[in-house]
Amino acid sequence: MNTDRTLNVAVAGATGAVGIQMISCLEERNFPVKSIRLLASGRSKGRKLTFRGREIAVEELKETSFKGIDIALFSAGGGTSEKFAPFAANDGCIVVDNSSAWRMDPEVPLVVPEVNPHAIAQFRNKGIIANPNCSTIQMVVPLNPLHKTYGIRRIVVSTYQAVSGTGKKAIDELDLQTRAILNFKAFESKVYPHTIAFNCLPHIDVFLANGYTKEEMKMVHETRKILEDDSIGVTATTVRVPVFYGHSESINIETKTKAAASDVRALLEKTTGVKVVDDPENNIYPLAIDAAGQDFTLVGRIRDDESIENGINMWVVADNIRKGAATNAVQIAEILAKEYIGV
C-alpha cells in the first residue's frame, strides 16, 4: 500500500492467533507503519514478537496504551473491547475491533471492504469500526453482487467451521485428541463439550431461547446490517468440524429475479475478493485446505436449485483467521489511512 503518511499502529490481543496474523498482514500488505505497539494481558508482558525483522516486546494493555496511536486493531475478546475501545477512541485513536462487542451497535459501522466500504465513514460516531464474524464475512463477499443484481429474498446457510475460530487452545485440543485416538490413549475434552476429533458439533457459542446458537444469530443480524437490507430472510446452522484452518459454507439463495447458475458464475468471476473454483467434472471445487493462507473467498459448486423457481446453491470457503478476521481488519485500516486519516 502506498500513502504519503506513516501511522502509529497498535495491536491489542497481539499474542492470540488473530493478533499474530494481524501483525503478519500489516507486514505482508506493506501497511504504512511508523511505529507499532503490541498489547496483550499482563501474562504476556515482555514476550517478543517480530515485525519487519525487528523483535518488539509485548506491553500490558492499559487504559493509557493508546496515546499517540492512530489506528488500533483489536482482537482481545468482547469484554476487553468493551472496556478499552472507548479509552482508545477518547485518545483520538480509531479502533478496528474483531470481537462481537460493537457489531450491532447502530452507531458503529460493520464493514467488509469489498461490500460496504462507504460505511467506514461512520467511525466518526464513536471512533470504532466493527469487524464482522468470520462466517459472515466470507458469505457476504459473494452474496453482495447477487443482491445488487438480482435481489436476495432468503438465505439458508450451513457452516462447517474450523477449530481455529475458537483459538489456540482449540487447535491444540484437536491435535492432542487426534493423536490420542490414533494411538489408543485416553484424552479429555476441555474446550468443547464433546470430542472434536473425528466428529462434528452442531454447537458454536451458547444456545439462545429461540433454539439457535449465538453464532447462528450473528450471521442473521450481521448479514442484514452489512447488506443494508432488513427484509432478507436468513437462517443458519453452524457446525464445528475437525479442521484446523478454513471455514466452509453451504449456501442456498432465493433471489427476487431469476439468476441462472451460468450468470452467477460469470458475475462472481468479476467480483473483487472472490476466486471461482468450479470444475466438478475434474474434482475441482473449494477446499478448506486450499483456502488456508489465502485472502480470497473461494466459491464453487454453483448450481441451480431445482426445488424453487429462483434458487442458487453454492459452496463457499475462506481462511477464517485471514479474510475472516485479520486481513479484513487490515483492509479497513488501509481505507482509513488512504481516505480518512489526515484528510
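Check the entry above for the structure.
Residues numbered from 1 in each chain as written. Predicted model: local features only at pLDDT ≥ 70, side-chain atom pairs only at ≥ 80, totals over all residues. Heavy atoms only, no water.

Let's shift gears to the state of the cysteines. By the definition in use, this model includes zero disulfides. Looking at Cys25, it has no disulfide partner, and the nearest cysteine sulfur is the one in Cys134, 14 Å off. On the basis of relative accessible area, Cys25 is assigned to the buried category, the value being 1%. Free of any disulfide, Cys200 has its nearest neighbouring cysteine sulfur in Cys134, separated by 17 Å. Residue Cys200 is classed as partly exposed on the basis of its relative accessible area of 46%. (Disulfide = S-S within 2.5 Å. Buried < 20%, exposed > 50% of the residue type's maximum accessible area, 1.4 Å probe, protein only.)

Each pair of packed helices can be summarised by the angle the axes make with each other and by the distance between the axes. Axis separation between helix H1 (residues 17-28) and helix H8 (residues 322-339) bottoms out at 9 Å; the angle between their running directions is 50°. One way to sum up the angle between H1 and H8 is to call them oblique. Once H1 is placed against H8, the crossing between them reads as right-handed. Counting all contacts with H1, which are made through Val18, Gln21, Met22, Cys25, Leu26 and Glu28, the residues of H8 involved are Arg322, Ala325, Ala326, Thr327, Ala329 and Val330. Residue classes in the contact of H1 with H8 are distributed as eight nonpolar, two polar and two charged. (Axes fitted to C-alpha atoms, helices over the stretch in contact; angles between N-to-C directions. Helix = DSSP H or I, 4+ residues; strand = E, 2+ residues; numbered from the N terminus. Parallel < 35°, antiparallel > 145°, perpendicular 65-115°, else oblique. Left-handed = near helix turned anticlockwise from the far one by under 90°. Contact = heavy atoms within 4.5 Å. Nonpolar A, V, L, I, M, F, W, Y, C, P; charged D, E, K, R; others polar.)

Strand order across the open sheet formed by six strands is E5-E2-E1-E6-E7-E8, with parallel pairing between neighbours. Two strands lie at the open edges of the sheet, namely strand E5 (59-60) and strand E8 (128-130), each paired on one side alone. With six bridges connecting them, strand E1 (residues 7-12) and strand E2 (residues 33-40) associate as parallel partners. Of the residues in E2, the one forming a bridge with Val9 is Ile36. Sitting on the sheet, H1 touches E1, E2 and strand E6 (71-74), and the angle it makes with E1 is about 155°. (Pairing = 2+ DSSP bridges.)

Here the focus is the nonpolar core. With 51 residues, the main nonpolar core has Phe66, Ile155, Ile251, Val264 and Met314 as its most contacted residues. Looking at this core, the element that brings in the most residues is helix H3 (residues 134-150), giving seven residues. When sequence neighbours within four positions are dropped, the list of residues in contact with Val264 reads Leu146, Tyr150, Ala259, Ile302, Ile312 and Met314. By size, the runner-up hydrophobic cluster in this structure holds 39 residues, among which are Cys25, Ala329, Ile335 and Leu336. (Core = buried A, V, L, I, M, F, W, Y, C linked by side-chain atoms within 4.5 Å.)

All right, on to the side chain of Thr327 then. Topologically, Thr327 is positioned in helix H8. Judged by relative accessible area, which is 0%, Thr327 ranks as buried. Those residues within four positions of Thr327 in sequence are excluded, and the remaining contacts are Cys25, Arg29, Asp295, Ile321 and Arg322.

Running from N to C, H3 and helix H6 (residues 261-269) point in directions that differ by 120°, and their axes come no closer than 10 Å. When the axes of H3 and H6 are compared, the pair comes out oblique. Two packed elements cross with a definite hand, and for H3 against H6 that hand is right-handed. When H3 is examined against H6, the residues Pro142, Pro145, Leu146, Thr149 and Tyr150 are found in contact with a partner set consisting of Asp263, Val264, Leu267 and Leu268.

Once that is clear, we can look at the pattern of salt bridges. Here the structure, examined in full by the defined rule, presents 15 salt bridges. Two residues, Glu28 and Arg322, come together in a salt bridge whose shortest N-O distance is 2.7 Å. Residue Glu28 is located in helix H1, and its partner Arg322 is located in helix H8; the two are separated by 294 residues in the primary sequence. Looking at Glu28, the relative accessible area reads 47%, which means it is partly exposed. A salt bridge links Glu334 to Arg29; its shortest N-O distance comes to 2.8 Å. Of the two residues, Glu334 is situated in helix H8 and Arg29 in the loop between H1 and E2; the sequence distance between them amounts to 305 residues. Arg29 gets classed as partly exposed once you look at its relative accessible area, which sits at 25%. One network of salt bridges, with partners in common, ties together Glu28, Asp295 and Arg322. (Salt bridge = Lys/Arg side-chain N within 4 Å of Asp/Glu carboxyl O.)

Time to look at the pairing of strand E7 (residues 94-97). A two-sided burial pattern is seen for E7, the buried positions comprising Ile94 and Val96 on one face and Val95 and Asp97 on the other. In this structure, E6 lies alongside E7, joined through four bridges in parallel fashion. Counterpart to Ala72 in the pairing with E7 is Val95. Handedness of the crossover joining E6 and E7 through helix H2 (residues 78-90) is recorded here as right-handed. Pairing geometry for E7 and E8, over three bridges, is parallel. (Right-handed = clockwise from strand over helix to strand, strands pointing away.)

In short, the description is geometric, and any link to function would need to be established separately.
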